[in-house]
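# Survey of secondary and tertiary structure
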2 protein chains.
Amino acid sequence: MLITPAEENYLKAIFKIAEQEDKPVQTNAIAHEMNTAAASVTDMLKRLAEKQLITYEKYRGVQLSPAGNQIATVLIRKHRLWETFLVDKLGFPWDQVHELAEQLEHIQSDTLTSRLDQFLGFPSFDPHGDPIPDAQGRWNRRAQIALSDMQAGQKGKLTAVADDAALFLQYLDQLGLALHAEITVLERFPFDQSMKVLIGEKATVLSEKVCQNLYCAV
Amino acid sequence: MLITPAEENYLKAIFKIAEQEDKPVQTNAIAHEMNTAAASVTDMLKRLAEKQLITYEKYRGVQLSPAGNQIATVLIRKHRLWETFLVDKLGFPWDQVHELAEQLEHIQSDTLTSRLDQFLGFPSFDPHGDPIPDAQGRWNRRAQIALSDMQAGQKGKLTAVADDAALFLQYLDQLGLALHAEITVLERFPFDQSMKVLIGEKATVLSEKVCQNLYCAV
DNA sequence: AATTTATTTTAGGTTAGTCTAAAAATTAAT
DNA sequence: ATTAATTTTTAGACTAACCTAAAATAAATT
């Protein structure tokens with residue numbers, strides 16, 4: 001059965017949403033994630049259900065089937081391997097690889113994926129700190145918590161960023177925040193959930209939104 | 001103006017056919033090259049003419065415009081850079097890279113192309129000995145002649161193969177014929193234009209078709 | 001419980017890229 | 001120079017992936 005790039009993208013979006021909350025994924029959530037009209041999503045859900053890649057009950061939301069889950073996992077694996085390639089081998093900055101990987105992830109060749117994996121030294125995490133599932137679809141989970149959940153006085157090392165948007169990553173660059181940077185929580189401001197943190201030598205205030213998107217090993 | 005992968009493929013096919021004979025490219029030739037119905041070609045030619053990528057006169061065949069030529073050149077450049085990457089960096093055999101490069105060539109990013117070029121050391125020829133146009137679209141032409149045009153007694157080094165089909169390349173592997181191999185023409189058989197040649201230590205008879213697809217520097 | 005609001009689906013339409021079969025134009029052959 | 005053969009185009013149809021607007025269903029509120 002051949003899966004189109006558009007179908008793969010829907011499966012990936014469903015996977016991503018399902019990861020955050022453990023309940024059937026809603027049509028509107030998918031439409032928002034993919035920047036499409038809800039009607040287009042309904043169309044596609046029917047096709048995906050037809051192909052047994054999701055379980056779909058009208059008005060009730062969807063869930064990935066085992067087959068759908070596997071396709072999404074392979075797609076994420078390819079995406080993150082390509083991002084690693086672009087940064088480690090071609091020297092791209094981390095804020096410029098997401099869009100490119102969105103194209104490269106659709107290249108169909110298991111051999112290519114596994115050779116690329118080997119060429120990169122079987123990496124476990126991508127340039128944004130996200131885990132790369134292995135050839136069997138197994139995930140590396142790492143002990144890490146959101147910076148927004150850390151207490152004043154706690155120290156941590158930046159292990160992952162939860163948002164790959166170029167603007168966000170460029171902002172982190174400006175702050176001197178790269179993966180593995182040391183962060184110390186100096187003070188929490190309950191008013192707006194912002195925090196004062198120490199990055200290297202420099203103290204900065206980070207908004208709640210930024211803190212929610214930074215993960216640390218403590 | 002955005003060019004779709006399908007449009008790119010048509011431009012590449014036109015380029016390839018025009019390379020062989022210097023006259024307007026016929027609809028049927030394109031249809032044959034692309035394994036599509038002639039009617040589909042006519043449809044696409046109208047679209048390409050609309051976009052000013054070809055000059056098209058009904059029933060008269062087509063020619064690439066400067067813009068169309070540039071797109072085809074970049075596409076071939078990307079195709080051959082990816083093939084080089086797959087062989088040199090990922091260790092693919094030369095008979096397995098064509099189909100993959102057909103996918104990879106459509107990745108849209110000038111930055112990626114130039115970084116890949118640099119990563120590979122600005123190669124001038126791909127794994128099949130075909131020239132790779134540089135970032136300005138300039139071609140490396142090399143002094144070489146078809147084995148089928150060589151005379152008995154002549155010696156040469158294999159510089160390029162004119163057919164990327166896996167079956168042909170595997171046959172060459174069997175014969176011990178890799179790029180840069182030394183070939184000596186022992187005898188020509190006028191009856192069917194086959195030749196007896198020396199490859200390394202081994203004498204073999206090659207059909208006319210094979211000889212036409214092998215190029216040598218003498 | 002009835003009504004309002006939000007969500008989802010259906011209906012109907014568009015574009016790109018393909019197809020087959022029939023018609024038109026060109027080229028070759030008698 | 002007609003006729004026959006070949007090539008090309010048109011006509012009409014299909015699928016995937018999208019859209020807007022309207023209808024249907026579910027959830028929330030009074």
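Here the structure is a predicted model, which means the values were calculated and not measured.

The rules we used
Along each chain, residues carry numbers from 1 onward, in the same order as the chain's sequence is written. Chain letters start at A and ligand numbers start at 1, both assigned in the order the entries are written. For this predicted model, a pLDDT threshold of at least 70 governs which residues receive local features, and a threshold of 80 or more governs which side-chain atom pairs are given and counted, while totals over whole chains, interfaces and linings are taken from all residues. For side-chain calculations, the full set of non-hydrogen atoms in the structure is used, while hydrogens and water are omitted. Residue ranges labeled as domains rest on an automatic or database domain assignment. Note on pairing: DSSP must find at least two bridges between two strands before they are called paired. Helix and strand definitions here come from DSSP, where helices need a minimum of 4 consecutive H or I residues and strands a minimum of 2 consecutive E residues; each element is numbered from the N-terminal end. Any two residues whose heavy atoms approach within 4.5 Å are treated as being in contact. Think of each axis as a best-fit line through the C-alpha atoms, taken over the contacting stretch in the case of a helix, with angles from 0 to 180 degrees between the N-to-C directions. Only a single heavy atom is needed: when it lies within 4 Å of a molecule or strand, its residue is near that molecule or strand. In protein, a polar contact requires one atom able to donate a hydrogen and another able to accept it; more generally it is a pair of N or O atoms within 3.5 Å, and residues adjacent in sequence count only if both atoms are side-chain atoms. Side-chain classes follow a simple rule in which Ala, Val, Leu, Ile, Met, Phe, Trp, Tyr, Cys and Pro form the nonpolar group, Asp, Glu, Lys and Arg form the charged group, and the remainder, Gly included, forms the polar group. Two parts placed together each lose some accessible area under a 1.4 Å probe, and adding up what both lose gives the buried area. We define a salt bridge as a contact between a side-chain nitrogen of Lys or Arg and a carboxyl oxygen of Asp or Glu at a distance within 4 Å. Note on terminology: a nonpolar core comprises buried Ala, Val, Leu, Ile, Met, Phe, Trp, Tyr and Cys residues joined through side-chain atoms within 4.5 Å. Partly exposed residues are those whose accessible area sits between 20% and 50% of the maximum for their type, while under 20% is buried and over 50% is exposed, using a 1.4 Å probe and protein chains only.

To continue, consider the domain arrangement of chain A. When the domains of chain A are assigned, the result is domain 1 (5-64) and domain 2 (145-217). A straight line from the C-alpha centre of domain 1 of chain A to that of domain 2 of chain A covers 32 Å.

With that out of the way, let us pick up the pairing of strand 5 (residues 182-189) of chain B. Regular strands place their side chains on alternate faces of the sheet. All names here are of chain B. The pairing of strand 4 (residues 155-161) with strand 5 spans three bridges and is antiparallel. The residue bridging Gly 156 from the neighbouring strand is Ile 183, located in strand 5. The pairing of strand 5 with strand 6 (residues 194-199) spans six bridges and is classified as antiparallel. Counterpart to Arg 188 in the pairing with strand 6 is Met 195. Hairpin connection of strand 5 to strand 6: four residues between the antiparallel strands, including Gln 193 at a positive phi of 60°.

All names here are of chain A. If you walk across this open sheet you meet the six strands as 3-8-4-5-6-7, and the pairing is antiparallel. At either margin of the open sheet sits one strand with a lone partner, and together these are strand 3 (145-146) and strand 7 (202-206). Here five bridges tie strand 6 (residues 194-199) to strand 7, and the two strands are oriented antiparallel to one another. By the bridge assignment for strand 7, Met 195 is matched with Leu 206. Strands in contact with helix 7 (residues 166-175) are strand 4 (155-161), strand 6, strand 7 and strand 8 (214-217); relative to strand 7, the strand with the most contacts, it is inclined by about 150°.

If you check the shell around DNA strand C, you find 23 residues, and the closest are A:Tyr56, A:Lys58, B:Thr4, B:Ser40 and B:Arg47. Atoms of DNA strand C within 4 Å of the protein belong to the sugar or the phosphate in 75% of instances, the rest to bases. Between DNA strand C and the protein, one listed contact pairs a phosphate oxygen with a side-chain N or O atom of B:Thr4 at 2.4 Å. Between DNA strand C and the protein, one listed contact pairs a phosphate oxygen with a side-chain N or O atom of B:Ser40 at 2.3 Å. At the level of secondary structure, the elements contributing two or more residues to the surface near DNA strand C comprise helix 2 (27-34) and helix 3 (38-50) of chain A together with helix 1 (5-20) and helix 3 (38-50) of chain B. Considering each element in turn, the surface near DNA strand C owes the most residues, five residues, to helix 3 of chain B. Its residues assigned to classes, the surface near DNA strand C comprises 10 nonpolar, eight polar and five charged.

With glycine set apart, most residues show a phi of negative sign, and most peptide bonds adopt trans. Look at A:Gln52: it is not a glycine, yet its phi comes out positive at around 65°. For A:Gln52, the location among the structural elements is in the loop between helix 3 and strand 1 (54-56).

Where the parts come together, the accessible area they lose is often given as the size of the interface. Between chain A and chain B, the residue contacts involve 20 residues of the former and 20 residues of the latter. Taken over both partners, the interface formed by chain A and chain B buries close to 1600 Å², and the fraction arising from carbon and sulfur atoms is 74%. Where chain A touches chain B, the interface holds zero salt bridges. Here chain A is connected to chain B by six residue pairs in polar contact (both at pLDDT 80 or more). Those elements that provide at least two residues to the side of chain A that touches chain B are helix 4 (66-89), helix 5 (98-104) and helix 6 (110-119) of chain A. Take the side of chain A that touches chain B: its biggest share by element is five residues, from helix 6 of chain A.

Moving on, we come to the environment of B:Val197. Residues and elements named next belong to chain B. For Val 197, the position within the fold is in strand 6. In this structure, the C-alpha to C-alpha distance between Val 197 and Val 185, residues 12 residues apart in sequence, is 4.5 Å. Excluding anything up to four places from it in sequence, Val 197 contacts Leu 147, Ile 183, Thr 184, Val 185, Leu 186, Lys 202, Ala 203, Thr 204 and Leu 206.

Our next topic: the protein's contact with DNA strand D. Around DNA strand D, 23 residues are found, and the nearest of them are A:Thr4, A:Ser40, A:Arg47, B:Tyr56 and B:Lys58. Protein-proximal atoms of DNA strand D, defined as those within 4 Å of the protein, fall in sugar or phosphate at a share of 75%. At 3.0 Å from a phosphate oxygen of DNA strand D is found a side-chain nitrogen or oxygen belonging to B:Thr27. Among the elements that line the surface near DNA strand D, the one with the most residues is helix 3 of chain A, at five residues. Residue composition of the surface near DNA strand D, grouped by class: 10 nonpolar, eight polar and five charged.

What follows deals with the nonpolar core. Within the largest apolar cluster, 30 residues are counted, with the highest numbers of intra-cluster contacts made by A:Trp82, A:Leu86, B:Trp82 and B:Leu86. Mapped by element, the contributors of at least two residues to this core are helix 4, helix 5 and helix 6 of chain A together with helix 4 (66-89), helix 5 (98-104) and helix 6 (110-119) of chain B. Not counting chain neighbours up to four residues away, the residues in contact with A:Trp82 comprise A:Ala101, A:Leu104, A:Glu105, A:Leu112, A:Leu116, B:Trp82 and B:Leu104.

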